[in-house]
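Examining the three-dimensional arrangement
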Amino acid sequence: MPYSLLEQPWLPVLRASGPAWIRPAQLTESLADDPVLAIDWPRADFRLASLEFLIGLLATACPPEGGRDWERRWHHPPSPDDLDVAFAPLAHAFNLDGPGPRFMQDFEDIQADGNDIAGLLIEAPGRQTAINNADLLVKRGQVKRLSRAAAAMALFTLQTDAPAGGAGNRTGLRGGGPLTTLAIPPFAGPLPLWHLLWANVPLGTRPDPADLPRILPWLAPTRISDSGQIITQEGEHRLLPFWATPRRIRLDFTEAPHQHCDLTGASDTIFATSWRQRPYGANYQNFEHPLSPHYRPKPKDQVWLPVHPQPGGVGYRHFLGLLTGSEGEKPAASIGEFERDRFRRVRTPDQPVWRILAAGFDMDNMKARSFIEAELPVHEPADPEQAETCRDQVKMLVQGAKEVADLLRRAVRMALFSEGAKPALDAALFTSLRARFWADTETVFFRAAWQASIRDDHQAVRRDFLSAIAPITRVLFNEAAPILGADHPERVANAARMLGLSLSGYGKSGNALFNTLGLPPAEAKPKAAKPGKEKAA
């Protein structure tokens, strides 16, 4: 019998009572006394991909048709039997093996050499790396077989996040390693997994069965791109971004009773031991994904591109782009919908905060540098006008912090380099310094953002924020440009003085900083009396 991802208990989860394995319809099982709380894969990328898989499944099988329908199922979730009924029309599309269409794989069998099954994992060393014996940190040969459950999630993760993979091997619909953002709703007590997923399922209507091949590409002949054919969002089904398959892949399975998965340790009787691929699968470009923030490279560009994680992770410097957007940036549709409507529907007086989960691979072309994951709290007053004012205040705080970060960089540059020198601004020193600034001032920012949501004296909040990050900035300067042992101590002293004056609102840079923070201009310092001009007592 085919291994069905809708009928088998293949998802590892944490219930309130402990670990368990469930099929997707069991998401709402025992919600009152033993709810499913989280995905429990041993890998962060699998956990994120599982959330995307389940959100896409709900969006395809039983989406909310409007705000009231969404709210009704928030308070009264469907039963496992209801979900089984909703998933039934999709059952034929979620078989991982066997004859007929295979989940996330090429429509027909393909002829190609087999690859080690570990190659499905994004961070695994490539063939050329292994040939050159250059796999120093992530070694080959660690994963030789995957249980069917792990193979399914590795396959989905690769198709969703597919990085550059050599000639003709297409990247994911959002490019390699996109940033995913999800709304984490407030909840009285531990948050059930159902409510996390439901907070991010887009509005829509259940698709006609005839449209399923347009949504689930493996139900139709593979769309080849050997002549450069491009698939764009225009004319495509709105649900395709959840299920796009840029890679032409077929998994190979081997019976091995009483064995264990090399990745998870779970037992199985059949394992994925290799995979075959062919180049020139579907070439997706210019799509917008409901779970990703987007940006425009240039102000007049019509195309919005998905945001990708960068070195240094995600922090409050990204807050505006992830939450409300700014010029050239817009948040994920899931975040916009929750912030605009759903938070109001589920908010209670004792639950005034929700969070943004931001996660994804930081990729350098074909190389996975790290996996980024962060949660950013969002404080919003219940009154819409107060909420709008709070957002404006937060915007000023973030922009003010960006100016302080620039002041710090310029001061260190002035202290360490002569006036005519042109050090690269992305050099390790400056990159590390900027990352330290954002990390060391993050707690101060979120405290100020919370204060902005509950206090009326917003100017005092902004002034206190600057007063709190100024000494942190000076410490970072002293660490990066210590005056003791400096080749040019006078240059370091002048840079420190310039930084101090700017943080106090003096000079052109200081005036600009205070203006950004909406603070009144600093009082002019009294000039020292010239010798011989003192007034007699």
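The text that follows walks through the structure, step by step, so that each part is easy to find. (Residues numbered from 1 in each chain as written. Predicted model: local features only at pLDDT ≥ 70, side-chain atom pairs only at ≥ 80, totals over all residues. Heavy atoms only, no water.)

**Some thoughts on the sheet that holds strand E11 (residues 329–330)**
Filter applied, for reference: In short, DSSP must find at least two bridges between two strands for them to pair. Helix numbering and strand numbering both begin at the N terminus, where a helix is a DSSP run of H or I of at least 4 residues and a strand a DSSP run of E of at least 2.
Read from one edge to the other, the open sheet built from three strands follows the order E10-E9-E11, with strand pairing classed as antiparallel. Looking along the sheet, the strands with just one partner apiece sit at the ends: strand E10 (305–306) and E11. Pairing of strand E9 (residues 294–295) with E11, which is carried by two bridges, proceeds in the antiparallel orientation. Residue histidine 294 lies in a different strand from E11, and its bridge partner there is lysine 330.

**A word on helix H3 (residues 80–87)**
The test is simple: Type-normalised accessible area, obtained with a 1.4 Å probe on protein chains alone, sets the label of each residue: buried when under 20%, exposed when over 50%, and partly exposed for intermediate values. By definition, the arc is the one covered by directions from the helix axis to the C-beta atoms. Contacts are residue-level and defined by heavy atoms, with any inter-residue pair within 4.5 Å sufficient.
Residues of H3 that are buried include every one of Pro80, Leu83, Ala86 and Phe87, and no others. All buried residues of H3 lie within an arc of 115° about the axis, which places them on one face of the element. H3 presents Asp81 and Val85 as exposed residues on the side facing more than 90 degrees away from its buried surface. Turning to H3, the residues buried within the fold contact helix H1 (44–61).

**Here we look at empty space enclosed by the protein**
Note the threshold: Cavity: a set of points on a 1 Å grid over the protein atoms alone where a 1.4 Å probe fits but cannot get out. Pocket: an open set with protein on both sides within 12 Å along at least five of seven lines, its lining residues, like those of a cavity, having an atom within 4 Å of a point. Grid points are joined across faces, edges and corners, and a volume is the space filled by probe spheres set on the points.
Counted under the stated rule, the structure contains two cavities of 30 Å³ or more. Of the pockets and cavities examined, the largest cavity occupies roughly 80 Å³. Every residue along the wall of the largest cavity is listed here: Glu52, Met104, Phe156, Gln159, Thr160, Leu173, Arg174, Pro241, Phe242, Trp243, Ala244 and His289. When contributions to the lining of the largest cavity are tallied by element, the ones reaching two or more residues are helix H5 (148–161) and helix H8 (240–243).

**What about the packing of helix H11 (residues 384–416) against helix H16 (residues 507–516)?**
Each packed pair of helices is defined by two parameters, the angle between the axes and the distance between the axes. What counts here: All axes are obtained by fitting lines to C-alpha atoms, using only the stretch in contact for helices, and the reported angles, taken between N-to-C directions, cover 0 to 180 degrees. Here is the rule for angles: anything less than 35 degrees is roughly parallel, anything more than 145 is roughly antiparallel, 65 through 115 is roughly perpendicular, and the remaining ranges are oblique. Helix crossings are classified by the rotation of the near helix relative to the far one: an anticlockwise turn of less than a right angle makes the crossing left-handed, while a clockwise turn makes it right-handed. All amino acids are sorted into three groups, where Ala, Val, Leu, Ile, Met, Phe, Trp, Tyr, Cys and Pro are nonpolar, Asp, Glu, Lys and Arg are charged, and the leftover types, Gly among them, are polar.
The interhelical angle for the contact between H11 and H16, taken along N-to-C directions, is 160°, at an axis separation of 8 Å. Taken together, the axes of H11 and H16 lie roughly antiparallel to each other. When you trace H11 past H16, the crossing you get is left-handed. Residues Met396, Gln399, Gly400, Glu403, Val404, Leu407 and Arg410 of H11 form the contact with H16, whose own contacting residues are Ser509, Ala512, Leu513 and Thr516. Looking at the contact of H11 with H16 residue by residue, the class counts come to five nonpolar, four polar and two charged.

**A closer look at the sheet that holds strand E6 (residues 180–184)**
Hydrogen bonds between backbone atoms are what pair the strands of a sheet, whose relative direction is either parallel or antiparallel. Taken together, three strands build an open sheet; the order of strands is E6-E12-E13 and the sheet is antiparallel. With partners counted over all chains shown, the strands left at the sheet margins are E6 and strand E13 (367–379), one partner each. Taking each pair of neighbouring strands and ignoring which way they run, the sheet shows an average axis angle of 15°. Where E6 lies against strand E12 (residues 353–364), five bridges are found, and the strand directions are antiparallel. Residue pairing in the sheet places threonine 180 in a bridge with alanine 359 of E12. Along the sheet face, helix H10 (residues 333–346) touches E6 and E12 and points at about 180° away from the line of E12.

**Brief notes about the layout of surface pockets**
If a probe the size of a water molecule is rolled over the atoms, the empty space left behind becomes visible. In this structure, the second largest pocket occupies an estimated 720 Å³ of space. Lining the second largest pocket are 31 residues; nearest its centre among them are Gln310, Gly313, Arg317, His318 and Glu329. Looking at the lining of the second largest pocket, the elements with two or more residues in it are E9, helix H9 (319–323), E11, H11 and helix H12 (428–440). Counted by class, the lining of the second largest pocket contains 13 nonpolar, 10 polar and eight charged residues.

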